[in-house]
Every structure is written in C-alpha cells, then in structure tokens.
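# Per-entry structural report
For reference, the chains in residue letters:
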Amino acid sequence: MMREQLAVLGCGTMGHSIALAAAMTGFETMVWGTTEADIVRGQTGVAEKLAVLQAHGFFPAAEIAEIQKRVTFTLSLEECVADRTFIIEAVPEILELKQELYEKLDVLCPPDVILASNTSGLSPTAIAARMERPERMVVTHFWNPGHLVPLVEIVRGERTGEGAVKRSLSLLQQMKKQPIVVQKDVPGFIANRLQYALLREAHALYEQGVASAEEIDIAVRYSIGRRLSATGPFMSADMGGLDVIHTISSYLIPDLSTQPSLPSMGQLVAEGKYGQKNGAGFYEWTPELHERMNSERESELIRLLKQDFERELV
C-alpha cells in the first residue's frame, strides 16, 4: 500500500488538527502557515491537544513526544509542498482564495500529486475551475475536531479522477479515519445536510413554543443521539420496522418544517450574540459552562476514538 508524503496548508482550527490526526498514525507532516503568529497558534494547538490525549491515557508520554516531532511548520509554501505526494488544503472558506491557491499548486506540484480541500461546503468543481489538471483535485472534508472525529467525506468534482478518490480512500484508512465517497457535488455534502435538517426542525419546535432550547437538546442527546452512534437512519428504520416507520412518516413528514431560514437564530446574530465564542446565544455561556461543555465533549470524543482505534473501521 502506497505511503503518501503529506502536507497540510493552513494552521487554523482544522489545519493543525488534521496534521495531528496524521501524526497520530505515523505520518510525518509538513504544515504551511502564512505568518509567524499563525504558526505559533498551530504549534500551541497541537501541543495542547496532545496534552489532553495524554491526560486521558490515549498515548504514553514518550509517544506523545514522537507524535509532536512528526509535525513540522514552515512559512514557505514551496518548502511545504516540495517532495510531497498528497496535499490537504485548509485555508479560509473563500472561493477566490482557494481558486488562486489551487492555480498556484497546479504549477508548483508534479502531475501525480493529489490536491485535496478540507472545505465544508464549497464546490470542488468551482475550486478546481482554474486548474490545468482538475482530475487530481478532490475534497476531503474532515469534521471538527479533525483529530477526534472519524468521518471524512471524499467529494468528487465534475472532473475529479478515479485515482484521486482511490488514493484519498487509502490515505484516510491508513489514518484510521472513516471515509465515505460522495458521488455528486452537492452543497453541504452529506453530513452537513443531515445536520442542518435536524437543526431546522429543532429551530421550528423552539419557535412554536413546543419546548425550550435546553429541552430540545436533551431530547436529541438522550434518544436519537445515543442510538444513531450505533445505527444510521436507514438501519434504524429497518430495525424499527419499515411498515411502522412508513405509517408514521405518512402523517409526520408533511407536518415537518420546510422554513427556508432560522428566524430566532437570525435575531440572535443581529443582536451580536454568536454563542460560545462571545458568551451568549441560545445559552448563556458562563466561564463555568464553557469549560464544562468543552471538557465533556472532548472527553466523550476521546472515549469513542479509543474504541475506534481498538477495532477496525469499516
């Protein structure tokens, strides 16, 4: 099996986390940052995440040090991509910025180098519009946090070649990820479309006064949130009995929300309430809540990742 030489472009939330995911599975990874401050943020992020993993007993101290050594940061794009065979881009979600970068990479990198984007929703066809070799461009959408969440969506553009898809699958399997192939270039790919469909219905219930935001969150966490980690929607339907599910769907689906926007969320944004990032949203984010929820989520994701590492992902 081919062992790719990996580079990650971008030191932000996703960039350094993807590099860490690669380093955790033995890949020596080059990471490009645009400024010294950018690189410091990336290095700090890797160190902090490794400290948390060590605290949870995921890796022994000696191995933590080796993982950290596998991630090398540079301010030079040319140095970062030199001799690399697979490049994952994680720069800001601005189409023009990505198009310019891929146009440049298309010239810098030999024809057999795969150029993959971590975009969470931009069209791979559009990103590759200025490339001479668009067949080597593909989306590999990691989910945040990239070192803890297994799913990676491989998305074909209209001119993505089969070789780019196959090599992406191979790399991600070696990284102990759970890759899926999205066969069509659709907005939001798969998981984001499902996530936003749930958010739309939760929002509608909240606006209708059916329940508070807290109660709706509890309903999800302690029912489908538990079950869907073991069985997706189609398997859940099969296990529940399609005759029963079909009957319920005949009267329930017509009553579900089809609203094209989220008014209450829009009002919060208009008021400058962005959620956890600035202290208020649907919840009041006190320092205590901020610390507790981030710790709880990270601990649960690490617990599940341990299970994934102990078994073979499908």
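Let us look at the structure shown here. Counting starts from 1 at the beginning of each chain's written sequence and moves along it residue by residue. Confidence filtering applies because this is a predicted model: local features only for residues at pLDDT of at least 70, side-chain atom pairs given and counted only at 80 or more, and all residues used for totals across whole chains, interfaces and linings. In computing side-chain values, all of the structure's heavy atoms are included and hydrogens and water are not.

Further remarks concern the pattern of salt bridges. When a carboxyl oxygen of Asp or Glu lies within 4 Å of a side-chain nitrogen of Lys or Arg, that pair is called a salt bridge. Overall, the coordinates contain 13 salt bridges when judged by the stated rule. The salt bridge involving K69 is made with E66; its shortest N-O contact spans 3.5 Å. Of this pair, K69 and E66 are both found in helix α3 (residues 61-69), 3 residues apart, which corresponds to roughly one turn of the helix. Of the charged contacts, one joins E300 and R303 as a salt bridge, the two residues approaching to 2.6 Å between their closest N and O atoms. Residue E300 and its partner R303 are both found in helix α14 (residues 287-310); the two are separated by 3 residues, about one turn of the helix. Burial classes follow relative accessibility: with a 1.4 Å probe on protein chains only, a residue under 20% of its type's maximum area counts as buried, one over 50% as exposed, and anything between as partly exposed. Of the residues examined, R303 reaches a relative accessible area of 40% and is grouped as partly exposed. What emerges from the salt-bridge pattern is a single network uniting E89, E93 and K98. Helix and strand definitions follow DSSP, with helices as H or I runs of at least four residues and strands as E runs of at least two, each counted in order from the N terminus.

Looking now at the pairing of strand β4 (residues 86-89). Residues F86 and I88 of β4 are buried on one face, and the alternating residues I87 and E89, pointing to the opposite face, are buried as well. When DSSP locates at least two bridges between a pair of strands, those strands are taken to pair. Bridging between strand β1 (residues 6-9) and β4 involves 4 bridges; their strand directions are parallel. The residue bridging L9 from the neighbouring strand is E89, located in β4. Relative to strand β5 (residues 114-117), β4 is paired through 4 bridges, and the arrangement is parallel.

With 39 residues, the main nonpolar core has M24, L53, F142 and M175 as its most contacted residues. In terms of residue count, the dominant contributor to this core is helix α1 (residues 13-24) (8 residues). The contact definition used throughout considers only heavy atoms, calling two residues in contact when any of these lie within 4.5 Å. Contacts of F142, omitting those with residues within four sequence positions, involve M14, I18, I88, N118, L151, V152, L172, M175 and K177. In this text, buried Ala, Val, Leu, Ile, Met, Phe, Trp, Tyr and Cys residues form a nonpolar core when linked through side-chain atoms within 4.5 Å. M30, L105, M131 and V182 belong to the second-largest nonpolar core, a separate cluster that totals 23 residues.

Let us now look at helix α7 (residues 162-174). Its 13 residues give α7 an end-to-end C-alpha distance of 19 Å, which sits within 8% of 18 Å, the value for a rise of 1.5 Å per residue. On its buried face, α7 sits against β1, β4, β5, β6 (137-142), β7 (151-155) and β8 (178-182). Phi turns positive, to about 60°, at K176, one or two residues after α7. Here, expected helix span is obtained from the residue count minus one, scaled by 1.5 Å.

This paragraph deals with the side chain of K98. Mapping K98 onto the fold places it in helix α5 (residues 95-108). Residues contacting K98, with those up to four places away along its chain left out, are E89, V91, P92, E93, S117, T119, L122 and I127.

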